[in-house]
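# Descriptive structure summary
Each chain, written out:
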Amino acid sequence: MNDKLNSLFLELEIIKETYVDLSTWNLDKKSKMPWTEYKKEYENIGEVFDSSGFRSIQIELIEEVIYSIMEMLDGYKNLNFEADIIDKSTGESIIKNVQLHDKYRDYIEAKKQS
């Protein structure tokens, strides 16, 4: 995988981990995380799920959302235009001749195996 795609996927991974952590911390009634309007709902979920199980669910959900976004950028959804990701410094597409959704899945699988 090229460095630019790797950088894109790494940033997406950081975003995913940030929000998985935030949502998992909100399961604890003692947490003081003001980012959500649904604090009570998180606390209720925390009474049913342990944090590691909830964390796994969140990771899976966010990965699937990112995968679907990659499919959309690849042209497999109903955008009424073709999308691209351009490196502004070179003017080149970083996704030319690449299936982002496949590369993202490969990235996630490689991360799980390491």
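Everything below is about the structure shown above.
For clarity, every value in this text was computed on a predicted model and none was experimentally measured.

Turning next to the overall build of the protein. From N to C terminus, the protein includes four helices and two strands. Sequence-ordered secondary structure for the protein, helices as α and strands as β, is α-α-α-β-β-α. In terms of C-alpha radius of gyration, the protein reaches 17 Å, well past the compact-globule figure of 13 Å for 114 residues. Once the C-alpha set of the protein is aligned to its principal axes, its extents read approximately 50 × 35 × 25 Å. Among the 114 residues that make up the protein, the fraction classed as buried is 29%. Once local pairs closer than 6 in sequence are excluded, the contacts in the protein between residues at least 24 apart make up 59%.

In contact at an axis separation of 7 Å, helix α3 (residues 51-74) and helix α4 (residues 100-113) are set at 150° when each is read in the N-to-C sense. Relative to α4, α3 is oriented roughly antiparallel. In this structure, α3 contributes E63, E64, I66, Y67, M70, E71, L73 and D74 to the contact, and α4 contributes L100, H101, D102, Y104, R105, I108 and K112. Considered class by class, the residues forming the contact of α3 with α4 number seven nonpolar, one polar and seven charged.

One pass over the full model with this rule turns up 11 salt bridges. Note that E63 is salt-bridged to K16, the shortest N-O span being 2.7 Å. You can see E63 sitting in helix α3 and its partner K16 sitting in helix α1 (residues 3-25), a full 47 residues away along the chain. Exposure remark for E63: the relative accessible area of 5% places this residue in the buried category.

When the terminal C-alpha atoms of α1 are compared, their 33 Å separation across 23 residues agrees well with the 33 Å that a helix rising 1.5 Å per residue should span. Lining the buried residues of α1 we find α2 (39-48), α3 and α4. Regarding α1, its N-cap is N2, as a side-chain oxygen of that residue lies 3.0 Å from the backbone nitrogen of K4 further along.

A few words on the packing of aromatic side chains. Inspection of the entire model under this criterion finds three aromatic pairs. Each ring, one from F9 and one from Y104, has its centre 5.5 Å from the other, and the planes form 65°; the classification is edge-to-face. Placement of the pair is F9 in helix α1 and Y104 in helix α4, with a sequence separation of 95 residues. Judged on exposure class, the residue F9 and its partner Y104 are both buried. Exposure remark for F9: the relative accessible area of 0% places this residue in the buried category. An aromatic cluster of at least three residues, connected via ring pairs, comprises F9, Y104 and Y107. Here the guanidinium or amino end of R105 rests over the ring plane of Y67, the centre of that ring lying 4.1 Å away.

The rules behind each value
Residues numbered from 1 in each chain as written. Predicted model: local features only at pLDDT ≥ 70, side-chain atom pairs only at ≥ 80, totals over all residues. Heavy atoms only, no water. Helix = DSSP H or I, 4+ residues; strand = E, 2+ residues; numbered from the N terminus. Rg over C-alpha atoms; globule rule 2.2 N^0.38 Å. Buried < 20%, exposed > 50% of the residue type's maximum accessible area, 1.4 Å probe, protein only. Contact = heavy atoms within 4.5 Å. Axes fitted to C-alpha atoms, helices over the stretch in contact; angles between N-to-C directions. Parallel < 35°, antiparallel > 145°, perpendicular 65-115°, else oblique. Nonpolar A, V, L, I, M, F, W, Y, C, P; charged D, E, K, R; others polar. Salt bridge = Lys/Arg side-chain N within 4 Å of Asp/Glu carboxyl O. Expected span 1.5 Å × (residues − 1). Polar contact = N/O pair within 3.5 Å; in protein donor to acceptor, adjacent residues only side chain to side chain. Phe/Tyr/Trp six-rings, centres within 6.5 Å; stacked < 30°, edge-to-face > 60°. Lys NZ or Arg CZ within 6 Å of the ring centre and 35° of its normal.

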